[in-house]
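Working through the structure, step by step
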Amino acid sequence: QVQLVESGGGLVQAGGSLRLSCAASGRAFSTYAMGWFRQAPGKEREYVAAISRSGRNTDYSDSVKGRFAISRENAKNTVYLQMSSLSPEDTAVYYCAAVYTVVAGALYSRNYDYWGQGTQVTVSS
């Protein structure tokens, strides 16, 4: 089992940047593929980005491609989401998630096993 704690959220002006972090504890972090999701008020949770166990492979939703970057440091048990060119439409609670996998390069947009508590990101216009 793995526990996830997000940090780095806050209030930022449109066009600004934020970096979210997700610290993991528990079983070997490098055996988990990781993902970021977000949920805006009144909307369903949506997939944002994913990264494979080694960090070699990444994937993004169309809504954030070219603006967000997911990365990980397995030595620090941490995954990051660098967000740039933020707009009010990016306002949401952001969650990190983990899924155990034996496939080194696998990416997942759903079916995650573990979730953090979320961190609020608010983008003002």
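Small disclaimer: the values here were computed from a predicted structure and weren't measured.

This brings us to the state of the cysteines. Summed over the entire model, instances satisfying the criterion amount to 1 disulfide. Each disulfide pairs two cysteine sulfurs, and for C22 the partner residue is C96, the sulfurs being separated by 1.9 Å. Where C22 bonds to C96 through sulfur, the torsion about that S-S bond is close to 45°, and the disulfide is right-handed. Taken together, the residues C22 in strand β3 (residues 18-26) and C96 in strand β9 (residues 92-100) connect sequence positions 74 residues apart. For C96, a relative accessible area of 0% translates into the label buried.

Another point: the sheet that holds strand β8 (residues 78-83). Judged by pairing direction, the sheet is antiparallel, and its 4 strands sit side by side in the order β1-β3-β8-β7 without closing on themselves. Each edge of the open sheet is held by one strand with a lone partner, namely β1 (2-7) and β7 (68-73). Mean inter-strand twist for the sheet, computed between neighbouring axes without regard to direction, equals 15°. Pairing of β1 with β3 involves 6 bridges; the strand directions are antiparallel. Each residue of the ladder has a partner; that of Q3, found in β3, is S25.

This part takes up the nonpolar core. In this structure, M34, W36, L81, M83 and Y94 are the most contacted members of the largest nonpolar core, which totals 29 residues. Residue assignment for this core shows that the elements contributing at least two residues are β1, β3, β4 (32-39), β5 (46-51), β7, β8, β9 and β11 (119-124). When residues no more than four places from it in sequence are discounted, the contact partners of M34 are L4, C22, F29, A49, A50, I51, I70, R72, V79, A97, A98 and Y112. Membership of the second largest hydrophobic core comes to 7 residues, among which are A33, F37, A50 and Y112.

All told, the structure shown has 5 salt bridges when counted by the stated rule. R38 is paired through a salt bridge with E46; the nearest N and O atoms lie 2.6 Å apart. Note that E73 is salt-bridged to K76, the shortest N-O span being 3.9 Å. For K76, a relative accessible area of 54% puts it in the exposed group. One salt-bridge network, held together by shared partners, links R38, E46, R67 and D90.

Time to look at a nonpolar patch on the surface. Among the surface-exposed residues, Y100, V102 and V103 lie close enough to one another that they form a single nonpolar patch of about 290 Å² accessible area. In this fold, V102 is placed in the loop between β9 and β10 (114-115).

A word on the packing of aromatic side chains. Evaluation of the coordinates by the stated rule reveals 7 aromatic pairs. Between Y32 and Y100 the ring centres are 5.9 Å apart and the planes differ by 75°, which places this aromatic pair in the edge-to-face class. Of this pair, Y32 sits in strand β4 while Y100 sits in strand β9, placing them 68 residues apart in sequence. Using a relative accessible area of 1% as the deciding quantity, one classes Y32 as buried. One aromatic cluster is present, built from ring pairs that chain together F37, Y47, Y108, Y112 and W115. Over the ring of W115 we find R45, and its NZ or CZ is 3.7 Å from the ring centre. Directly above the aromatic system of F29 lies the positively charged group of R72, at a separation of 4.4 Å from the ring centroid.

Conventions used here
- Residues numbered from 1 in each chain as written.
- Predicted model: local features only at pLDDT ≥ 70, side-chain atom pairs only at ≥ 80, totals over all residues.
- Heavy atoms only, no water.
- Disulfide = S-S within 2.5 Å.
- Helix = DSSP H or I, 4+ residues; strand = E, 2+ residues; numbered from the N terminus.
- Buried < 20%, exposed > 50% of the residue type's maximum accessible area, 1.4 Å probe, protein only.
- Pairing = 2+ DSSP bridges.
- Axes fitted to C-alpha atoms, helices over the stretch in contact; angles between N-to-C directions.
- Core = buried A, V, L, I, M, F, W, Y, C linked by side-chain atoms within 4.5 Å.
- Contact = heavy atoms within 4.5 Å.
- Salt bridge = Lys/Arg side-chain N within 4 Å of Asp/Glu carboxyl O.
- Patch = residues over 30% accessible without salt bridge, like charges linked within 9 Å, V, L, I, M, F, W, Y side chains within 5 Å.
- Areas by Shrake-Rupley, 256 points an atom, 1.4 Å probe, with all protein chains shown as cover.
- Phe/Tyr/Trp six-rings, centres within 6.5 Å; stacked < 30°, edge-to-face > 60°.
- Lys NZ or Arg CZ within 6 Å of the ring centre and 35° of its normal.

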